[in-house]
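# Remarks on the overall topology
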Amino acid sequence: MIAKVGLHRPRYVLYCLRVCATVILGVTGVYAYLFLRHKVPIWSGDGTSLYLTYGKLEGRLIRGMISTLLSGKLPELQMYSFSLGYGSDLLRSSVGLRDPFNLFYAFFPEDKSETCFTLIIYIRACCSALAFSAYCFNRGEDRDATFIASLCYAFSGMAVFLGMFKHPQFINWYIALPLACMGADRVFDKRGGGWMVAALAYAFFAYIYFSYMMCIFLFFYCLLKYFVHDRERSIKDFVLLVLTFVGLVLLAFGIASISSASRVIDLLTQDRASRKSVMPTLFALSRYAATASYALGARIDTWGSGWYLGAPAIVLGAAFVVSPGRFEKKTWVPWTIGLVACLISALVPKMCSVLNGFSYPTSRWMVLYAFVCANLVRLGYKALPSLDRR
């Protein structure tokens, strides 16, 4: 991957440090209001009752297992806890023992769990920007365009307003999605399916709910890539590719089945999956009228947070729109189609419902929109020199 874009390893390490330093400054800016008031970014809803509670529990369990191992005995994995509500099966509980980032809680005493909670958000944000960078470098993109696009991706609406302030686990999806798409690209290039399996297994293990949406996106991503990019196409080639991708997805699910299988059962039996929601054909007109305000961040609410891109991203996206002729069709057509598809899905309640597992319409799937827009930002940045010549 490094050799493909002409980056020597020291320069690649410096790039990663540059990204992480910028993301850390950005997240600190996001939380400045809280830090100045000596508060931590833990939501009083799921943040305290779920994420922090299970983080403390996991840290306690890991420290106990290490202590038992150091004493010369074999540790036993606790499968059930009576300290959670009326008792909870740890493998089937909502978010317990699923997030690999929770391993950091083992290094913090329980009275410092809030500090660990905040630190993990920083680490997730850095990983999301680095994951998108890896995706771009795998496609041969230059560093500057990749750097700008990665920051737009890591600080898009859902990552900031839902991930950093309410559900930090949502940022995990920001990490898995670029890596899964990079893995798909490598399968097309006949460089193996290891990256795709690893990314999907991580997604299935960490949060099966989002993996459903990711698989839908990957299906259309691969379909567009197959028919838009140069390739010797045939029925045999298409069938072999389909079988390859299906096999890789099933392998990833099997690797993560200790967590994902029980989670599928939970999702199918939850009220949100069986609930029959009465949905209108369209949203209220006021919601559509506020779309531009949502994208610029002038107005934010639960539904509109996913639209947020910020002015720099919109300007760079506009630069691409006014000069698409600078790129080959195979470069810009898939992302344009993806943007139109995301806009339609976001504006039609029934499409939002499909992406939420045929339940109530929600904007939680809009990390897909952020991924598409970040790639358009990457193209927009590359189009800036042509605008100067005009």
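Use the structure listed above.
For the structure given in this document, a descriptive report is provided here.

### Here we look at the overall build of the chain
Along the chain, the regular secondary structure elements total 17 helices and two strands. Taking all 390 residues of the chain together, the buried fraction comes to 48%. Contacts in the chain between residues far apart in sequence, at least 24 positions, make up 72% of those at least 6 positions apart. Of the roughly 18800 Å² of accessible surface on the chain, 67% is carried by carbon and sulfur atoms.

### A closer look at the nonpolar core
Core analysis: the biggest nonpolar cluster contains 102 residues, and Trp173 and Trp365 have the highest contact counts within it. When neighbours within four sequence positions are excluded, Trp173 is seen to be in contact with Tyr153, Met158, Pro178, Phe210, Met213, Met214, Arg364, Trp365, Val367 and Leu368.

### What to know about a nonpolar patch on the surface
Residues Phe227, Ile235, Phe238, Val239, Leu240, Val242, Leu243, Val246 and Leu250 make up a contiguous nonpolar surface patch of roughly 870 Å² in combined accessible area. A per-element tally of the nonpolar patch places helix H9 (residues 235-255) first, with eight residues. For Leu240, the location among the structural elements is in helix H9.

### Examining the environment of His167
Summarising the element assignment, His167 is placed in the loop between helix H5 (157-164) and helix H6 (170-188). Measuring from C-alpha to C-alpha, the distance between His167 and Trp43 comes to 7.9 Å, with 124 residues separating the pair along the chain. The contacts of His167, once residues within four sequence positions are left out, are Trp43, Asp46, Tyr51, Leu162 and Arg364.

### Describing helix H4 (residues 143-154)
Between its terminal C-alpha atoms H4 stretches 16 Å, which fits the 16 Å expected from twelve residues at 1.5 Å a residue. For H4, the side-chain oxygen to backbone nitrogen distance between the N-cap and Asp144 is 3.3 Å, and the N-cap itself is Asp142.

### Looking at unusual backbone geometry
Unlike most non-glycine residues, His38 shows phi in positive territory, near 55 degrees. When its relative accessible area of 76% is taken as the criterion, His38 is described as exposed. Residues other than glycine seldom take positive phi values, yet Lys190 does so here, at roughly 60 degrees. One can find Lys190 in the loop between H6 and helix H7 (194-206). By relative accessible area, which is 73% here, Lys190 ends up exposed.

### Comments concerning the pattern of salt bridges
Throughout the structure, instances matching the rule amount to five salt bridges. Salt-bridge contacts for Arg139 lead to Asp185; the nearest nitrogen and oxygen are separated by 3.3 Å. Of this pair, Arg139 sits in the loop between helix H3 (113-138) and H4 while Asp185 is found in helix H6, placing the two residues 46 residues apart along the sequence. Given a relative accessible area of 26%, Arg139 falls into the partly exposed group. Residue classification places Asp185 among the buried residues on the basis of a relative accessible area of 2%. A salt bridge links Lys225 to Asp185; its shortest N-O distance comes to 3.5 Å. Residue Lys225 is found in helix H8 (residues 208-228), and its partner Asp185 is found in helix H6; the two are separated by 40 residues along the sequence.

### Some details on empty space enclosed by the protein
Taken as a whole and judged by the stated rule, the model has three cavities of 30 Å³ or more. The computed volume of the largest cavity comes to approximately 120 Å³. Along the wall of the largest cavity there are twelve residues; nearest its centre are Tyr51, Asp99, Asn102, Phe117 and Arg124. Elements supplying a minimum of two residues to the lining of the largest cavity: helix H2 (46-70) and H3. By residue number, the principal contributor to the lining of the largest cavity is H3, which donates four residues.

### Quick word on the packing of aromatic side chains
In the structure shown here, the tally under the stated rule is 21 aromatic pairs. Ring geometry for Tyr31 versus Phe165: centroids 5.5 Å apart, planes at 85 degrees, classification edge-to-face. Of this pair, Tyr31 sits in helix H1 (residues 9-35) while Phe165 sits in the loop between H5 and H6; the two residues are 134 residues apart in sequence, bridging distant segments of the chain. Its relative accessible area of 0% is what places Tyr31 among the buried residues. Assessed through its relative accessible area of 31%, Phe165 is described here as partly exposed. Aromatic rings pair up to connect Phe132, Tyr135, Tyr153, Tyr174, Phe217, Tyr221, Trp335 and Phe371 into one cluster. Lying across the ring of Phe147, Arg18 places its NZ or CZ 3.9 Å from the centre.

### Considering the packing of H3 against H4
Where H3 contacts H4, the two axes come as close as 9 Å, and the packing angle between them is 140 degrees. What the angle tells us is that H3 and H4 run oblique. H3 and H4 meet at a crossing whose hand is right-handed. In this structure, H3 contributes Ala125, Ser128, Ala129, Phe132, Ser133, Cys136 and Phe137 to the contact, and H4 contributes Arg143, Thr146, Ala149, Ser150, Tyr153 and Ala154. For the contact of H3 with H4, a count of residues per class yields eight nonpolar, four polar and one charged.

Calculation criteria
- Residues numbered from 1 in each chain as written.
- Predicted model: local features only at pLDDT ≥ 70, side-chain atom pairs only at ≥ 80, totals over all residues.
- Heavy atoms only, no water.
- Helix = DSSP H or I, 4+ residues; strand = E, 2+ residues; numbered from the N terminus.
- Buried < 20%, exposed > 50% of the residue type's maximum accessible area, 1.4 Å probe, protein only.
- Contact = heavy atoms within 4.5 Å.
- Areas by Shrake-Rupley, 256 points an atom, 1.4 Å probe, with all protein chains shown as cover.
- Core = buried A, V, L, I, M, F, W, Y, C linked by side-chain atoms within 4.5 Å.
- Patch = residues over 30% accessible without salt bridge, like charges linked within 9 Å, V, L, I, M, F, W, Y side chains within 5 Å.
- Salt bridge = Lys/Arg side-chain N within 4 Å of Asp/Glu carboxyl O.
- Expected span 1.5 Å × (residues − 1).
- Polar contact = N/O pair within 3.5 Å; in protein donor to acceptor, adjacent residues only side chain to side chain.
- 1 Å grid on protein atoms, 1.4 Å probe; cavity = no way out; pocket = protein on both sides within 12 Å on 5 of 7 lines; lining within 4 Å.
- Points joined across faces, edges and corners; volume = space filled by probe spheres on them.
- Phe/Tyr/Trp six-rings, centres within 6.5 Å; stacked < 30°, edge-to-face > 60°.
- Lys NZ or Arg CZ within 6 Å of the ring centre and 35° of its normal.
- Axes fitted to C-alpha atoms, helices over the stretch in contact; angles between N-to-C directions.
- Parallel < 35°, antiparallel > 145°, perpendicular 65-115°, else oblique.
- Left-handed = near helix turned anticlockwise from the far one by under 90°.
- Nonpolar A, V, L, I, M, F, W, Y, C, P; charged D, E, K, R; others polar.

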